[in-house]
Every structure is written in C-alpha cells, then in structure tokens.
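# Observations on the model geometry
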Amino acid sequence: MGQVVLFSLTATANPTLVAVTTVMLLLPSPKKLMLGYLIGALLTSITLGIVIVLAAKDSGIVKAGKHTINPVIDLIVAGILLLIAFVARTHRDEPVRERRERRKERKAKPKAEPRWQRALTKGDWKITIAVGAVLTLPGASYLAALTGIAKLGYSDAGSVLLVVLVNLVMLALLEVPLLCFVIAPDWTPQAINRVKAGLSRGGRRIVVIGCTAIGSLLILRAVITLIA
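Residues numbered from 1 in each chain as written. Predicted model: local features only at pLDDT ≥ 70, side-chain atom pairs only at ≥ 80, totals over all residues. Heavy atoms only, no water.

Time to look at the overall build of the chain. Per the secondary structure count, the chain includes 12 helices and 0 strands. The helix and strand sequence of the chain, counted from the amino end, reads α-α-α-α-α-α-α-α-α-α-α-α. Going through the 228 residues of the chain one by one, you find that 35% of them count as buried. Restricting to contacts in the chain with at least 6 residues of sequence separation, those with at least 24 account for 83%. (Helix = DSSP H or I, 4+ residues; strand = E, 2+ residues; numbered from the N terminus. Buried < 20%, exposed > 50% of the residue type's maximum accessible area, 1.4 Å probe, protein only. Contact = heavy atoms within 4.5 Å.)

Here Thr-147 lies in helix α9 (residues 140-152). One polar contact links the side chain of Thr-147 to the main-chain carbonyl oxygen of Leu-143, over a distance of 2.9 Å. (Polar contact = N/O pair within 3.5 Å; in protein donor to acceptor, adjacent residues only side chain to side chain.)

Quick look at empty space enclosed by the protein now. Scanning the entire structure with this criterion turns up 1 cavity of 30 Å³ or more. Reported here for the largest cavity is a volume of approximately 150 Å³. Of all the elements in the fold, those that place two or more residues in the lining of the largest cavity are α2 (15-26), α3 (30-56) and α9. Each residue belonging to the lining of the largest cavity can be placed in one class, and the counts come to 11 nonpolar, 6 polar and 1 charged. (1 Å grid on protein atoms, 1.4 Å probe; cavity = no way out; pocket = protein on both sides within 12 Å on 5 of 7 lines; lining within 4 Å. Points joined across faces, edges and corners; volume = space filled by probe spheres on them. Nonpolar A, V, L, I, M, F, W, Y, C, P; charged D, E, K, R; others polar.)

Bringing helix α11 (residues 172-183) into the picture now. Given a rise of 1.5 Å per residue, 12 residues ought to cover 16 Å, and the 16 Å separating the end C-alpha atoms of α11 matches this to within 8%. Within α11, burial applies to Leu-174, Glu-175, Pro-177, Leu-178 and Phe-181. (Expected span 1.5 Å × (residues − 1).)

Looking now at α2. The α-helix advances 3.6 residues per turn, and as a result positions three or four apart in sequence lie on the same side. For α2, spanning 12 residues, the distance from its first C-alpha to its last is 17 Å, which sits close to the expected 16 Å at 1.5 Å a residue. Along α2, the residues that are buried comprise Leu-17, Val-20, Thr-21, Val-23 and Met-24. Down the axis of α2, the sector holding all buried residues measures 165°, keeping them to one side. (Arc of directions from axis to C-beta.)

In terms of nonpolar packing, the biggest core is built from 18 residues, with Met-24, Met-34, Tyr-37, Leu-38, Leu-171 and Leu-174 touching the most fellow members. Among the secondary structure elements, those contributing two or more residues to this core are α2, α3 and α11. Tallying contributions element by element places α3 first for this core, with 7 residues. (Core = buried A, V, L, I, M, F, W, Y, C linked by side-chain atoms within 4.5 Å.)

With that out of the way, let us pick up the confidence of the model for the chain. Taken over all residues, the pLDDT of the chain has a mean of 75, while the share at 70 or more is 73%. A low-confidence stretch, residues 61-69 (pLDDT under 50), is modelled with 17 contacts involving residues beyond four sequence positions or located in other chains. (pLDDT = per-residue confidence, 0-100.)

Each pair of packed helices can be described by the angle between their axes along with the distance between the axes. Relative to each other, α9 and helix α10 (residues 156-170) sit at 155°, their axes nearing to 10 Å. Judged by the angle between their axes, α9 and α10 are roughly antiparallel. Crossing hand, α9 versus α10: right-handed. Taken together, the residues of α10 that come into contact with α9 (itself represented by Tyr-142, Ala-145, Leu-146, Ile-149 and Leu-152) are Ser-159, Leu-162, Val-163, Val-166, Asn-167 and Met-170. Looking at the contact of α9 with α10, its residues break down into 9 nonpolar, 2 polar and no charged. (Axes fitted to C-alpha atoms, helices over the stretch in contact; angles between N-to-C directions. Parallel < 35°, antiparallel > 145°, perpendicular 65-115°, else oblique. Left-handed = near helix turned anticlockwise from the far one by under 90°.)

This is the structure:
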C-alpha cells in the first residue's frame, strides 16, 4: 500500500497537467475550464486504470510496460526541462529572443498556439472535457501505482475503489484550485490575478524554479519506476 501512495503522489508531477492547469488558471472562467478538464481526465484515467488493474491480476502487462518506454520519456522530458532552466538562469536565450522578436516584427504574424490551447481559450467547459480525456494517458507513476494495486490481491470492488482514490490524488493540481473557488470564491480570483501579475514581473525566475523542480521530480519518478 505504501508504494501505491508514493506513486500516486509522484504522479501529480505530470508535465502536461502542470502546463494545462497553468494555462486554464490564466484564462477567463478558469473554474468551468478546470471542471470540464477534470471530468474528462477522470473518465479516461479511471476507465483505463480499472481495465489495466483487472487485467494485471492475471498477467504481467503493467509490469512489462512500465519498465521500458515510460521511464525513458520521463528522463527525456526531465532533461529538456533542466536544459530550459539552465538557459533561462544564464540568460543564454536573450540573443535568440531578440532575433526572434525582430523576425516577428518583420513578419507581423502571430505564433500559432497548440490545438489544445486554442480549444481551451474558447472558454467552453464541454470542450475541455474532450481535451482532458485526450491528454490524460497513463504515465510511469500511474502504471506503477496500478501494479501495486494489482499485487495487493483485493477484490474487484476494492481494486476499483483504490483506482478512484489514486486518481483523486493524482489530479490534485486541478482539484485544489476548484476547491478554492468553492470555499473562497472571492479570494481565489484575486489570488489568481496576483499570480498573473507576479508572472509578468518574475517570469524568468519562475521558469527556472518550475522547470528545475518538475525535472527533478521526473528523474526521481523514473528512477523509482526502474528499481520498483
């Protein structure tokens, strides 16, 4: 059970979830957007989790998968994030940014946003259900948690309940802001506005700290997955 809890906590360091949550908090109507994304994410993640756990009770499908591709992906993403943190910390990106700004001024064309971000900016929570369902795929830590659940030997009902609990922990980055909107509806928008102002003032420092922290967590998650 201890491993299940540990991997549930490390699963919260999902780079995609961090990025999407950050974008939604900075957009209009963040509560509706996050609620829609949470519904879609839970539908996909819980459904896949139940299928995997029930199948893993009689086979080694989860254990075989989690030790190959997923840790490698974690390490690659971690390396990219740490490189971004290093570049931002040493200001090595400034010449590139200056050239890019001059090029943008000449071309005068806005940079195309990712499709999922364009979908979020429409402000329709129904769209974010689909976005959450598509972007929420099992990561290394989640697969490791599912492996732990399968090994516990609980009944099917008990295993399903554990899968749901793991998902509630794993998606805390969405659930905590939503709870804040419910518990403190007046304070939360003000806090978000302060965060926006802070991002405009100290964006580089936040990038350095955020990329370093997430990259380190991904390396830790990959190591734990490989030795588990």
